[in-house]
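# Chain and residue survey
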Amino acid sequence: MFLSTLSTSLRYQGADIFRLVHSSGELFSTLSITGGEPFEEAWKKTICNFRSRYALTSQDFELLGEFGSQLGKTDTEGQLSHIELYQALFSKQLSLAEEEVISKSKLYQTMGLFAGVSAAIVLV
Amino acid sequence: MNTYENKRLNQAASCLCPPLYRLLFPHFASLEDKAQEIRLRVNRPVSVACGAKTYFITNSGSLSDLSCGDLCLAKRSDIEATFQRICNYSVYARQREISNGFVTLSGGHRAGICGTAVLNDKSIVNIRDITSINLRIAREHRGCAVDLYRQIKHKSGGVLICGEPCSGKTTVLRDLARLFSTDGSAAVSLIDERGELAATVSGVPQNDVGLCDVFDGYPKSFAMEQALRTMSPQVIICDELGSPGDVSAAFKVQSCGVRLIATAHARSRKELFERAFLQKLLNSGVLSTLVFLRGRERAGEINEIFLNGERLAA
């Protein structure tokens, strides 16, 4: 959702990258728009705050960092291609996370069942 | 407290990458009134142009007027970082300006850039591998065109202000826009194709252009026609008539009874009349007043004025 909004705003608004990212979703509403510091620094600070709020892996953070490091640095077509590429990469990460949730949830269910059965045996 | 916080030189230099800004900062007081340009060229000494004199920054942070010695060279990374700062880290948003070769900064300053052109159908769509940046420090000389304004305000016909590069054509034109729209109470449409006159940043003119209607970034000939249709101007002001399309738009402006004030690159009448695409316009009398400026050494000063071919007192 954030990437789609960013992509549309980038194509049609022409505002600077600080404002575009800031206005493209609640996720980045803490990003500084007053300027003064390089965008890459502002981006890094913002995603650092994600550590305490979201269950993201180190690979997710790496990907987010790489994505932000190239934002604003090329022409519109370059930026749109960059967003498209990372849309695919983030989707892949999401699929992997979903697969992990499914496989781990089965494991946890089985372990729970066994733990319950074991507890029942011990109590009986 | 930084006493140079709001000064023009500091405002322009603030887009330099931090290492270069720090080297230049101690010299802001001495350079404030005379610095015209800060030049960065990849692997070449960083220089500050002050009229006829050029200063170089040494690695120890002092100024030198010699182009050799222990001078601070602009690294590729310095140029890249400065370029990103010039674009406010949003290169895509300044694409049109980059293709035109310069970016307008807050305060009306201009960063000229050059590197390797990326072409598409013979037109420049981008500049990559930037090798030089020329930061031109904009100075508003309010009142520099008062004498000229008094001489031409009651005359009819168009006005062409001519001079060599850096002779102050844009500065004079900007002041004329302010004077015609305020003192003269005329409806003035200001065609600012390259953002040099009003220097609009995020919709706000950075220079005082009085009560003009500003057409920022419009192609000149298109803007002249649109101004005629939409803003009912009495005066249209634009810089640098540089193409046959501009000339035909100028004829339309004149045929609608609107006064055109423009500039052209030419040091003398001879040089001006040698420019083929302008000849028709000049011979037709559309631009009845020709103003020639002195040159870069005395920017903004008028050398000669011709009205219908007759020389007036400057």
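Residues numbered from 1 in each chain as written. Chains lettered and ligands numbered in written order. Predicted model: local features only at pLDDT ≥ 70, side-chain atom pairs only at ≥ 80, totals over all residues. Heavy atoms only, no water.

### With respect to the overall build of chain B
Counting its regular elements, chain B contains 11 helices and 17 strands. For 314 residues, the compact-globule formula gives about 20 Å, and the C-alpha radius of gyration of chain B, at 20 Å, lands near that figure. The principal-axis extent of the C-alpha atoms belonging to chain B is close to 60 × 45 × 40 Å. Burial status across chain B gives 50% buried among its 314 residues. Sequence-distant contacts in chain B: of pairs separated by 6 or more residues, those separated by 24 or more amount to 61%. Accessible surface, chain B: about 14200 Å² in total, of which carbon and sulfur atoms supply 48%. Charged side chains in chain B number 39 positive and 32 negative. The centres of these two groups are separated by 2 Å. (Helix = DSSP H or I, 4+ residues; strand = E, 2+ residues; numbered from the N terminus. Rg over C-alpha atoms; globule rule 2.2 N^0.38 Å. Buried < 20%, exposed > 50% of the residue type's maximum accessible area, 1.4 Å probe, protein only. Contact = heavy atoms within 4.5 Å. Areas by Shrake-Rupley, 256 points an atom, 1.4 Å probe, with all protein chains shown as cover. Lys, Arg positive; Asp, Glu negative; His and termini not counted. Charge placed at Lys NZ, Arg CZ, Asp CG, Glu CD.)

### A closer look at helix α4 (residues 76–86) of chain B
Listing the buried residues of α4 of chain B in full gives D78, I79, T82, F83, Q84 and I86 of chain B. Backbone geometry just after α4 of chain B places N88 of chain B at a positive phi near 50 degrees.

### Side note on the domain arrangement of chain B
Residues and elements named next belong to chain B. When cut into domains, chain B gives domain 1 (8–136) and domain 2 (146–312). Here the C-alpha centroids of domain 1 and domain 2 sit 29 Å apart. If you look at the interface, domain 1 gives 12 residues, while domain 2 gives 11 residues. Taking both partners together, domain 1 and domain 2 bury about 880 Å²; carbon and sulfur atoms supply 47% of that area. E196 is the salt-bridge partner of R110, the closest N and O atoms lying 1.8 Å from each other. Linking domain 1 with domain 2 are one residue pair in polar contact (both at pLDDT 80 or more), by the criterion used here. (Domains from an automatic or database assignment. Buried area = accessible area lost by both parts, 1.4 Å probe. Salt bridge = Lys/Arg side-chain N within 4 Å of Asp/Glu carboxyl O. Polar contact = N/O pair within 3.5 Å; in protein donor to acceptor, adjacent residues only side chain to side chain.)

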